[in-house]
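# Structural features, examined
Read off the chains here:
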Amino acid sequence: PGRLSLLLGDNGTGKTSVLNVLASLHDLIVLGSSAGDLFLGTRTKWETREVQRLELDIEDTSGTYRYALEIQHPQGLHQKPFIRMEKVNADGEPLYRFSDGEVQLYYDDLTIGPTFPFRSDQSFLMNLGSERAHRIGRLAKFKDLIAGVSIFQPTPFAMEWVSMQDQSFLRRDGTNFAAFFDYLN
């Protein structure tokens, strides 16, 4: 809250790619979007590695969070990508890990929490709510930080200029700007 970041660079330096990755991570962690849908077609044609690795560091007053995600891209034509590994650390201490279809949680006091099976097409973090996170508050704080990231890539030619119904959110592409603006007023 209260911070605004601006990403500048020459054409072709990866600005849009960075924003697309951040938006995909937000949708995976906060909205529960499918990894198969978010990461299908995200590799370049000349990329031959089957595992796509993404890392994100977030600094907060409570410390530094490191998020790591590995997406497995199967070689089959009709197979969707899935989460191979996902983890969150805070100041080097583990808070959460998913691998081989299993979630491992760690409590705020650094003791090992529960282990349980989970599906590999979605992030378990989408299920984590601040109101239920009394022993895993640092992990809930990480999710809240990700939820606070807003990325807008307006597409002026696609915007709806007339509002039929107020909307309490602004779509990433800004197509509902008029409905969102009406909601704010």
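Everything that follows concerns the structure shown earlier in this document.
Residues numbered from 1 in each chain as written. Predicted model: local features only at pLDDT ≥ 70, side-chain atom pairs only at ≥ 80, totals over all residues. Heavy atoms only, no water.

## Examining the sheet that holds strand 6 (residues 112–117)
The condition that has to hold: Paired strands, in this sense, are two strands between which DSSP finds at least two bridges. Elements are defined by DSSP. Helices are runs of H or I of four residues or more, strands are runs of E of two residues or more, and each kind is numbered from the N terminus. For helices, the fitted axis covers only the stretch in contact; all axes are lines through C-alpha atoms, and the angles between them, taken along N-to-C directions, range from 0 to 180 degrees. In this analysis, two residues are considered to be in contact whenever any of their non-hydrogen atoms come within 4.5 Å of each other.
The strand order across the open sheet built from six strands is 1-2-3-4-5-6, with neighbouring strands paired in antiparallel fashion. With one partner strand each, in any of the chains shown, strand 1 (51–60) and strand 6 form the two edges of the open sheet. Recorded for the sheet is a direction-independent mean angle of 10 degrees between the axes of neighbouring strands. The sheet strands contacting helix 1 (residues 15–31) are strand 1, strand 2 (63–72) and strand 3 (82–90), and the helix crosses strand 2 at an angle near 90 degrees. Across the face of the sheet, helix 3 (residues 137–147) comes into contact with strand 1, strand 2, strand 3, strand 4 (93–99) and strand 5 (102–106) while running at roughly 100 degrees to strand 1.

## Some words on the pairing of strand 5
Keep this limit in mind: Burial here depends on accessible area, computed with a 1.4 Å probe over protein chains only, as a share of the maximum for the residue type. Under 20% is buried, over 50% is exposed, and the range in between is partly exposed.
Of all five residues in strand 5, four are buried; the element is thus mostly enclosed. Here four bridges tie strand 4 to strand 5, and the two strands are oriented antiparallel to one another. From the neighbouring strand, Ser-99 faces strand 5, where its bridge partner is Glu-102. Hairpin remark: strand 4 followed by strand 5, antiparallel, with two residues in the connecting loop; positive phi at Asp-100, about 50 degrees. Two strands pair when backbone bridges link them, and strand 5 and strand 6 are joined in this way by four bridges, in the antiparallel orientation. Looking at strand 6, one finds that Tyr-106 is bridged to Ile-112. In textbook terms, the turn of a hairpin is the stretch between consecutive antiparallel strands, and for strand 5 and strand 6 this stretch comprises five residues, one of which, Leu-110, has a positive phi near 75 degrees.

## Focus on the pairing of strand 1
In the sheet, strand 1 pairs with strand 2 via ten bridges, with the strands oriented antiparallel. Within strand 2, the position partnered with Arg-53 by the bridge is Glu-70. In sequence, strand 1 turns back onto strand 2 through a hairpin of two residues.

## Some details on the packing of helix 1 against helix 3
Spelled out, the test is: Note on terminology: angles under 35 degrees are roughly parallel, angles over 145 are roughly antiparallel, angles of 65 to 115 are roughly perpendicular, and the others are oblique. Each crossing is labelled by how the near helix is turned from the far one, with a counterclockwise turn of less than a right angle marking it left-handed and a clockwise turn marking it right-handed. In this classification, the charged set is Asp, Glu, Lys and Arg, the nonpolar set is Ala, Val, Leu, Ile, Met, Phe, Trp, Tyr, Cys and Pro, and all remaining amino acids, among them Gly, are polar.
Contact geometry of helix 1 with helix 3 gives a least axis separation of 9 Å together with a crossing angle of 130 degrees. Considering their axes alone, helix 1 and helix 3 lie oblique with respect to each other. The hand of the helix 1/helix 3 crossing is left-handed. Counted together, Leu-25, His-26, Ile-29 and Val-30 of helix 1 and Phe-142, Lys-143, Ile-146 and Ala-147 of helix 3 form the full contact between these two elements. By residue class, the composition of the contact of helix 1 with helix 3 is six nonpolar, one polar and one charged.

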